[in-house]
Amino acid sequence: DTGVSQDPRHKITKRGQNVTFRCDPISEHNRLYWYRQTLGQGPEFLTYFQNEAQLEKSRLLSDRFSAERPKGSFSTLEIQRTEQGDSAMYLCASQFRAGTDTQYFGPGTRLTVL
Amino acid sequence: AQKITQTQPGMFVQEKEAVTLDCTYDTSDQSYGLFWYKQPSSGEMIFLIYQGSYDEQNATEGRYSLNFQKARKSANLVISASQLGDSAMYFCAMRGFGTGGYNKLIFGAGTRLAVHP
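Residues take numbers from 1 onward in each chain, read along the sequence in its written order. A letter from A marks each chain and a number from 1 marks each ligand, given out in the order of writing. Confidence filtering applies because this is a predicted model: local features only for residues at pLDDT of at least 70, side-chain atom pairs given and counted only at 80 or more, and all residues used for totals across whole chains, interfaces and linings. Side-chain measures were taken over the full set of non-hydrogen atoms in the model, leaving aside hydrogen atoms and water.

Numbering of helices and strands runs from the N terminus, with a helix taken as a DSSP run of H or I at least four residues long and a strand as a DSSP run of E at least two residues long. Counting secondary structure elements, chain B contains zero helices and 12 strands. Counting from the amino terminus, chain B carries its helices and strands in the arrangement β-β-β-β-β-β-β-β-β-β-β-β. Just to be clear, the radius of gyration here is over C-alpha atoms, and the globule rule we use is 2.2 Å times residues to the power 0.38. What you see for chain B is a C-alpha radius of gyration of 14 Å, in line with the 13 Å of a compact globule of 117 residues. Principal-axis analysis of the C-alpha atoms gives chain B an extent of 45 × 30 × 20 Å. Think of it in three bands: with a 1.4 Å probe and only protein chains considered, a residue is buried below 20% of the maximum accessible area for its type, exposed above 50%, and partly exposed in between. The burial tally for chain B puts 48% of its 117 residues in the buried class. For the purpose of charge, His is not counted, nor are the chain termini; Lys and Arg are scored as positive and Asp and Glu as negative. A charge is said to be at NZ when it belongs to Lys, at CZ for Arg, at CG for Asp and at CD for Glu. Counting 10 positive and 10 negative side-chain charges, chain B places the averaged centre of each group 5 Å from the other.

The structure is reproduced here in structure tokens:
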């Protein structure tokens, strides 16, 4: 399978715990995006990388959130001291280059904070 | 500011019939791109179709076509010959301008389509 992959698919954690999600983009896609989707809503942009550089962060990305993309390949999204409001689907997407190219999404990681 | 509006929370269609899902957008840009994605219950966002603001013809991809009316700022998705597997959430999106240029996608709230046998 050469699509975007995400791991884990589901994560249940207790409030206050730290969680980390991983995204592997399509090979040779130099742009990688993270979105968050809460129940009944469309995805909302969190952050994106061009290669290893994080070029933009949404105001939704509080200081408890951090994302990395070492070496410009896979990316991780970490949430520290999780809160119940963090419960959502976290979607990763990759794009070959800037401009008109389509963003292709992974299957998402569904986070439930108890 | 850019915004996508999908006014139909839910739609029903009979199998083999055509259905139109509405999308209106707001932007002050002259050049922009519009997308439709399908999200089945599994959660993955599946790209369906793209329309550029300067494209002279409406985009088509198999059973999907985009009814693009630039003056009305609408980009409705038409699904012909509906199939049971088309039952899903459908999201309209446009490319949003951010740091360094156009990057993030801005999504509408979505329309849930149910196809009945």
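Let us now look at the state of the cysteines. Residue and element names in this part refer to chain A. Note on terminology: disulfide denotes any pair of cysteine sulfur atoms within 2.5 Å. Applying the stated criterion across every chain yields a total of two disulfides over all chains. One disulfide in the model links cysteine 23 with cysteine 92; its S-S distance is 1.8 Å. Taking the sign of the S-S torsion, -65° for the link of cysteine 23 and cysteine 92, the bridge is left-handed. Residue cysteine 23 is located in strand E3 (residues 19–24), and its partner cysteine 92 is located in strand E9 (residues 88–95); the two are separated by 69 residues in the primary sequence. Taking relative accessible area as the criterion, cysteine 92 reaches 0% and is therefore assigned buried.

Time to look at the interface of chain A and chain B. Taken together, the contact between chain A and chain B spans 24 residues of the former and 20 residues of the latter. Buried area: the sum, over both parts, of the accessible surface (1.4 Å probe) that disappears when the two are put together. Carbon and sulfur atoms supply 50% of the area that chain A and chain B bury against each other, a total of about 1700 Å² over both sides. When a carboxyl oxygen of Asp or Glu lies within 4 Å of a side-chain nitrogen of Lys or Arg, that pair is called a salt bridge. Taken together, chain A and chain B are joined by one salt bridge. Two residues, Lys104(B) and Glu56(A), come together in a salt bridge whose shortest N-O distance is 3.1 Å. Polar contact is defined as a pair of N or O atoms within 3.5 Å, subject to the rule that within protein one atom must be able to donate a hydrogen and the other to accept it, and that residues adjacent in sequence are counted only when both atoms are side-chain atoms. Taken together, the connections running from chain A to chain B amount to four residue pairs in polar contact (both at pLDDT 80 or more). Counting residues per element, the ones that place at least two in the side of chain A that touches chain B are strand E4 (31–37), strand E5 (44–50), strand E6 (53–57), E9 and strand E10 (104–105) of chain A. No other element matches the four residues that E4(A) contributes to the side of chain A that touches chain B. The contact criterion used throughout is that any non-hydrogen atoms of two residues lie within 4.5 Å.

Moving on, we get to the sheet that holds strand E8 (residues 75–79) of chain A. Residue and element names in this part refer to chain A. Strand order in this open sheet of four strands is E1-E3-E8-E7, and the pairing throughout is antiparallel. Each edge of the sheet is formed by a strand with only one pairing partner; in this case those strands are strand E1 (5–7) and strand E7 (65–68). Between one strand axis and the next, the sheet turns by 15° as a mean value, whatever way the strands run. By the bridge criterion, five bridges tie E3 to E8 in an arrangement that is antiparallel. Paired with arginine 22 across the two strands is threonine 76, which belongs to E8. Strands are treated as partners if at least two bridges between them are detected by DSSP. Convention adopted: a line fitted to C-alpha atoms gives each axis, helices being fitted over their contacting stretch, and angles between N-to-C directions are expressed from 0 to 180 degrees.

Below, the discussion takes up unusual backbone geometry. For the peptide bond that leads from Asp7(A) to Pro8(A), omega is -5°, which places it in the cis range. Even without being glycine, Lys71(A) reaches a positive phi, approximately 65°. Turning to its location among the elements, Lys71(A) is positioned in the loop between E7 and E8. Phi angles above zero are rare outside glycine, and Ala81(B) is one such case at about 50°. For Ala81(B), the location among the structural elements is in the loop between strand E9 (74–79) and strand E10 (88–98).

Residue and element names in this part refer to chain B. Under the criterion given, the structure shown has six salt bridges over all chains. Notably, a salt bridge pairs lysine 73 with aspartate 26, separated by 3.8 Å at the nearest N-O pair. Separated by 47 residues along the polypeptide, lysine 73 in the loop between strand E8 (64–69) and E9 and aspartate 26 in strand E4 (residues 24–26) bring together distant segments of the chain. With a relative accessible area of 30%, lysine 73 lands in the partly exposed category. Looking at aspartate 26, the relative accessible area reads 40%, which means it is partly exposed. A salt bridge links aspartate 86 to arginine 63, with the shortest nitrogen-to-oxygen separation between them at 2.8 Å. Residue aspartate 86 is found in the loop between E9 and E10, and its partner arginine 63 is found in the loop between strand E7 (60–61) and E8; the two are separated by 23 residues along the sequence.

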